[in-house]
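Given next are the chains, with one letter for each unit.
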Amino acid sequence: MATIEERVKAVTARVLNVDPAEIKPEHYFAVDLGAESVQSVELVASFEEEFGIEMEEEEALAVETVGGAVEFITRICRRQGVQIEE
Amino acid sequence: MRLILVDRSKEVRSRFHPLTLSRPIWELRTGFTSLAEKLVAKTGAADVACFVPDYMAAAYRAKTAWPVNDPATLAGDDLLLVDPRVKAESFSVSPTGPSEIAVDDEGQVLYARVARVDLGALQTDDVGKFLSAAKARLPKANAPLPKWEYIWHLMLANPEQLSSDFAAAGRHGIEGAVEEPSAVRGAKKDVYIAPGARVHPMVVIDATEGPVYIDERAVIYPFTRIVGPCYIGKESRLIAVKCHEGNSIGPSCRIGGEIECSIIQGYTNKYHEGFLGHAYVGEWVNLGALTTNSDLKNDYSPVSVIMHGRLPIDTGSNKVGCLIGDHTKTSIGTFLNTGAYVGAMAIIMATGKPMQKFIPSFAWLLEGVVTKGFGKGQLYKTARTVMGRRGCKWTDADETMWDAVFEFTKARRDELIKKGRRAMQKL
């Protein structure tokens, strides 16, 4: 199973149409990867689908970086009892 | 005699969604006035009380002078309890007289006239128990009593209601200002322009097929054509509108483009071009430029509406446009399908294609799929801003009411959000 970081990068790459190899944990979704507001919503929905979790939208949209998303999703997966490869 | 309006049945109320998510049925309009105003006028009641669902009681209390959900109103006088769906024009029951009750085929009490002397035999601490006891004890009235069945019936009856309300109002003539050159077609007795209303030059008011009533402080901008029957509410503005027959525009609206046989509850903006036909639109709605609804299918067959997000309901009419709940916003270029149901507090971002026929409350429709969007907190923030611009206040009671609406519309919305997530993976 791929790690959370790999899966977050894969989803981000698909939604934002960027090369996954170029995505770094410190990248900001908006500033560095060009995410517009609508794409932020799409990212949240796609992470929920990828990991089988439910995220509170305002908390999720407050996450700004790829690394922040990995940490946030890890916490949610643990809280919701979803098995993950860290 | 005290008139008591009762609107507590969840199932009945759902037939008037999405407008009744945030108001009792009697606040709905047809013609010039609300269903409550019609019933009060018909019964001549000076003392009025009401019972609404608990979740909206505090919010509604702030909007009315009537006692709301007060059990004390079930005692101390002759009572006439009425279901707001009862058509006022057909309600010929004497407000006072011996106790009697009328119940429809579904067991809903349409009215209960309870003489003061009989109150002791009924429990009076809860309106539900009161009505149950009344059903068990009071003699039944058997005369048929027409009632409004679904929300679109208000809109479809709007032209006739407008004409009868104009006659009942008994006003005609020009008390506001009409700037030349403007044209009034038809008889002057079929037009009323209220004090403070202003009609700019190059406006045509066509009353040949029905009356036109322009209420206080409304402003009609140049190149507008208003065809009667029509009612323009207080402080509303029409900006170069093709205003076809049968429209009721509530107070403080900004209307542009083309509109036909529609009811707009109030405080709504449809400033730009775009067609709204056979629609019922709530309050604090903003329709972006070019937002357009279809109100006729290509095969001219009856329009169906998906009221609860599941089974379509046949309206029996080949002319039904859209239903839009309070605080919903559409982006530029939004196309709404024939018989579209758009819930309250929804955000629609157009795709260039007609939207799906059911859009749940609190949905953020992006790329044609239902998402959580930025959440209800952002919607409340916007509502607070929008209301503040018109001198109205978003209150804690409003928020509590909308929180309840969010919860009871959640199940179907969540199903569609899940479906939307899967659809997004394929985009």
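Residue numbers restart at each chain and count upward from 1, following the sequence in its written direction. Each chain is given a letter, starting from A, and each ligand a number, starting from 1, according to the order in which they appear as written. With pLDDT at 70 or above as the cut-off, local features in this predicted model cover only qualifying residues; side-chain atom pairs require 80 or more to be listed or tallied, and sums for whole chains, interfaces and linings still use all residues.

**Some points on the overall build of chain B**
Link 1 in the chain: Per the convention used, a helix needs a DSSP run of H or I reaching at least four residues, while a strand needs a run of E reaching at least two, with both numbered from the N terminus. Counting its secondary structure elements, chain B contains nine helices and 36 strands.
Link 2 in the chain: Within these notes, the globule rule equals 2.2 Å times the number of residues to the 0.38 power, and the radius of gyration is based on C-alpha atoms. By the compact-globule yardstick of 22 Å for 427 residues, chain B fits well, its C-alpha radius of gyration being 22 Å.
Link 3 in the chain: In terms of overall dimensions, chain B has C-alpha extents of about 60 × 60 × 45 Å along its principal axes.
Link 4 in the chain: Put simply, of all contacts in chain B between residues at least 6 apart along the chain, 43% involve residues at least 24 apart. We call two residues in contact if the C-beta atoms placed from their backbones are at most 7 Å apart.

**Concerning the confidence of the model for chain B**
Link 1 in the chain: On average, residues of chain B score 96 in pLDDT, and 100% of them are at 70 or above.
Link 2 in the chain: For this predicted complex, the interface confidence comes out at an ipTM of 0.82, alongside a pTM of 0.94. The pLDDT value expresses, per residue, how confident the predictor is, ranging between 0 and 100.

**Structural notes on the confidence of the model for chain A**
The predicted coordinates should not be examined in detail at positions where pLDDT is low.
Link 1 in the chain: Across chain A, the average pLDDT comes to 92, with 100% of residues at 70 or higher.
Link 2 in the chain: No element of chain A has a lower mean pLDDT than helix α3 (residues 57–61) of chain A, at 89, and none a higher one than helix α4 (residues 66–79) of chain A, at 95.

**Section: unusual backbone geometry**
Residue and element names in this part refer to chain B.
Link 1 in the chain: Between His 17 and the following residue, Pro 18, the backbone shows a cis peptide bond with an omega angle of 5°.
Link 2 in the chain: In this structure, the amide linkage connecting Gly 228 to the following residue, Pro 229, adopts the cis form with an omega of 0°.
Link 3 in the chain: For Pro 229, the position within the fold is in the loop between β16 (225–227) and β17 (230–232).
Link 4 in the chain: The residue Glu 235 is not glycine, and still its phi comes out positive at about 65°.
Link 5 in the chain: Positionally, Glu 235 belongs in the loop between β17 and β18 (237–243).
Link 6 in the chain: Judged by local crowding, Glu 235 falls into the partly exposed class, with 19 C-beta atoms found within 10 Å. Each residue is classed by its C-beta neighbour count within 10 Å, where at least 20 other C-beta atoms makes it buried, 12 or fewer makes it exposed, and intermediate counts make it partly exposed; the C-beta atoms are placed from backbone geometry.

**Digging into the pairing of strand β20 (residues 254–260) of chain B**
A regular strand places its side chains on the two faces of the sheet in alternate fashion.
All names here are of chain B.
Link 1 in the chain: The criterion for strand pairing is that DSSP finds at least two bridges linking the strands in question. Pairing of β18 with β20 involves five bridges; the strand directions are parallel. Residue pairing across strands places Ile 239 opposite Gly 256, the latter belonging to β20.
Link 2 in the chain: One ladder, built from two bridges, connects β20 with strand β22 (residues 269–270); its direction is parallel. Residue pairing across strands places Arg 254 opposite Asn 269, the latter belonging to β22.
Link 3 in the chain: Sheet analysis places β20 next to strand β23 (residues 275–277), joined by three bridges and oriented parallel. By the bridge assignment, Glu 258 is partnered in β23 with Phe 275.

**A look at the domain arrangement of chain B**
Residues and elements named next belong to chain B.
Link 1 in the chain: How far each domain reaches was decided by an automatic or database domain assignment. Taken domain by domain, chain B comprises domain 1 (2–148) and domain 2 (153–426).
Link 2 in the chain: Placing a centre on the C-alpha atoms of domain 1 and another on those of domain 2 gives a separation of 28 Å.
Link 3 in the chain: Domain 1 puts 20 residues into the contact, and the matching count from domain 2 is 34 residues.
Link 4 in the chain: Looking at the side of domain 1 that touches domain 2, the elements that each hand over two or more residues are β2 (29–30) and α3 (54–61).
Link 5 in the chain: The element that contributes the greatest number of residues to the side of domain 1 that touches domain 2 is α3, accounting for four residues.
Link 6 in the chain: Ten residues, namely Ala, Val, Leu, Ile, Met, Phe, Trp, Tyr, Cys and Pro, are considered nonpolar, four, namely Asp, Glu, Lys and Arg, are considered charged, and the remaining ones, Gly among them, are considered polar. Each residue belonging to the side of domain 1 that touches domain 2 can be placed in one class, and the counts come to eleven nonpolar, six polar and three charged.

**Notes on helix α2 (residues 37–51) of chain A**
Link 1 in the chain: Helix span, expected: 1.5 Å multiplied by one less than the number of residues in the helix. Between its terminal C-alpha atoms α2(A) stretches 22 Å, which fits the 21 Å expected from 15 residues at 1.5 Å a residue.
Link 2 in the chain: Here the buried face of α2(A) lies against α1 (4–16), α3 and α4 of chain A together with β35 (364–366), β36 (369–371) and α9 (410–426) of chain B.

**Here we look at the interface of chain B and chain A**
Accessible area lost upon the coming together of the parts serves often as the stated size of an interface.
Link 1 in the chain: Chain B puts 14 residues into the contact, and the matching count from chain A is ten residues.
Link 2 in the chain: The set of elements that each furnish at least two residues to the side of chain B that touches chain A consists of β35, α7 (375–389) and α9 of chain B.
Link 3 in the chain: Here the side of chain B that touches chain A takes five residues from α9(B), the largest share from any one element.
Link 4 in the chain: Considering only residue class, the side of chain B that touches chain A consists of five nonpolar, six polar and three charged.

**Brief notes about the sheet that holds strand β7 (residues 109–114) of chain B**
All names here are of chain B.
Link 1 in the chain: Strand order in this open sheet of five strands is β4-β1-β5-β7-β6, and the pairing throughout is mixed. Each having just a single partner strand, β4 (47–51) and β6 (100–103) make up the two edges of the open sheet. This sheet shows a mean twist of 10° between the axes of neighbouring strands, independent of strand direction.
Link 2 in the chain: Alignment of strand β1 (residues 2–6) against strand β5 (residues 79–82), held across four bridges, turns out to be parallel. Bridging from a neighbouring strand, Arg 2 pairs with Leu 79 of β5. In this analysis, axes come from line fits to C-alpha atoms, helices being fitted only over the stretch in contact, and the angle between any two N-to-C directions falls in the range 0 to 180 degrees.

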